[in-house]
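Each chain, letter by letter, is given below.
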Amino acid sequence: QIDGDDSPLAVRNALKITVWLKNEIDIDIMASVLQREFMEFEFKDLLNVHCWLSVLSPPDIDVYGNALLANNRKGFEFTKLLIAVEELDFDVQCTTCTSAGGQALPKILSTLKETSNMIDILREDIENFVNDTLYRYWDAFDIHTKISRGRKLC
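First, a word on scope: everything that follows refers to the structure included in this document. Since this is a predicted model, take the numbers as computed values, not measurements.

Rules behind the numbers
Within each chain, residues carry numbers counting from 1 in the order of the written sequence. Given that this is a predicted model, residues contribute local features only at a pLDDT of at least 70 and side-chain atom pairs are listed and counted only at 80 or more, while totals for whole chains, interfaces and linings are drawn from all residues. Excluding hydrogens and water, the side-chain figures rest on all heavy atoms present in the structure. Cysteine sulfur atoms are paired as a disulfide whenever they fall within 2.5 Å. Think of it this way: any DSSP run of H or I at least four residues long counts as a helix, any run of E at least two long counts as a strand, and we number them from the N terminus. Relative accessibility decides the category of a residue: with a 1.4 Å probe and only protein chains considered, values under 20% of the type maximum give buried, values over 50% give exposed, and everything between is partly exposed. A pocket here means an open set of points on a 1 Å grid, computed over the protein atoms alone, that has protein on both sides within 12 Å along at least five of seven lines. A cavity is instead a set of points where a 1.4 Å probe fits but cannot get out; residues with an atom within 4 Å of a point line either one. Grid points are joined across faces, edges and corners, and a volume is the space filled by probe spheres set on the points. Asp, Glu, Lys and Arg are counted as charged, while Ala, Val, Leu, Ile, Met, Phe, Trp, Tyr, Cys and Pro are counted as nonpolar; the rest, among them Gly, fall into the polar class. Residues grouped as a nonpolar core are buried Ala, Val, Leu, Ile, Met, Phe, Trp, Tyr and Cys residues, joined through side-chain atoms within 4.5 Å. A contact between two residues is defined here by any heavy atoms of the two lying within 4.5 Å. Any two of the Phe, Tyr and Trp rings considered here, Trp counted by its six-membered ring, make a pair once their centres fall within 6.5 Å; the pair's planes then place it as stacked at under 30 degrees, edge-to-face at over 60, or tilted in between. For a lysine, the NZ atom is tested; for an arginine, the CZ atom; a charge sits over a ring if that atom is within 6 Å of the ring centre and within 35 degrees of the ring normal.

Description of the state of the cysteines
- Evaluation of the coordinates by the stated rule reveals 2 disulfides.
- There is a disulfide in this structure between C51 and C154, and the S-S distance comes to 1.9 Å. Sign of the S-S torsion, about 100° for the bond between C51 and C154, identifies this disulfide as right-handed. Within this pair, whereas C51 is found in helix 2 (residues 49-54), its partner C154 is found in the segment after helix 5 (143-153), the two being separated by 103 residues in sequence.
- Residue class for C51 comes out buried when judged on its relative accessible area of 1%.
- Paired through a disulfide, C94 and C97 show a sulfur-sulfur distance of 1.4 Å.

Focus: the layout of surface pockets
- The calculated volume of the largest pocket comes to roughly 180 Å³.
- Contributing to the lining of the largest pocket are R36, E37, E40, F41, E42, D45, C51, S54, V55, R151 and C154.
- Listing elements by their share of the lining of the largest pocket, those giving two or more residues are helix 1 (35-39) and helix 2.
- Its residues placed into classes, the lining of the largest pocket shows 4 nonpolar, 1 polar and 6 charged.

Here we look at the nonpolar core
- V85, L88, F90, V92, L109, M118 and I119 together form the largest nonpolar core, which totals 7 residues.
- Looking at this core, the elements that each hand over two or more residues are strand 4 (76-97) and helix 4 (118-141).
- In terms of residue count, the dominant contributor to this core is strand 4 (4 residues).
- Discounting chain neighbours no more than four positions away, the residues touching V92 are L15, K16, I17, P106 and L109.
- By size, the runner-up hydrophobic cluster in this structure holds 5 residues, among which are L56, F76, I143 and I147.

Focus: the packing of aromatic side chains
- Going through the model one piece at a time under the given rule, you end up with 6 aromatic pairs.
- With a centroid separation of 5.7 Å and 25° between ring planes, the pair formed by W138 and F141 is classed as stacked. With W138 and F141 both in helix 4 and 3 residues apart, the pair spans about one turn of that helix.
- For F141, a relative accessible area of 30% translates into the label partly exposed.
- Three or more aromatic residues link up through ring pairs in this structure, and these residues are F76, F78, Y137, W138 and F141.
- In this structure, K113 is placed above the aromatic ring of F90, and the distance from its NZ or CZ to the ring centre is 5.0 Å.
- Positioned over the ring face of F141 is K146, at 4.8 Å from the centre of the ring.

Shown next, in the form of structure tokens:
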């Protein structure tokens, strides 16, 4: 028998991986506010996000109510959105390892961490992943269409 818990070839490795991160977030925002709407903003609307969106300069919209950004008129945009990983460290411990490879992995990773630029590579990969994800999420969020619909929902 070569499978199952009773097999002499059964392997069970449980690792505890701890990661420490210290991040810096750098954001620049450009918001074009409609002066009259902002000055006439009513206190009762303070908690209504649609009313806050209605004070931003709306983009031109198409017949379906979607924002047209060809004229580059934007009521709100991030001119810079960057997350930088200032510090990164990790630790790997074998809590239950029945194989020689599982038992050796924490030592191998510790040696790599101390003798190579592994931390720098991981830091860069994490930064790229997080920043790409944020930009994709922001594009999918479509704030410009939400701004154009803000007045109707306020």
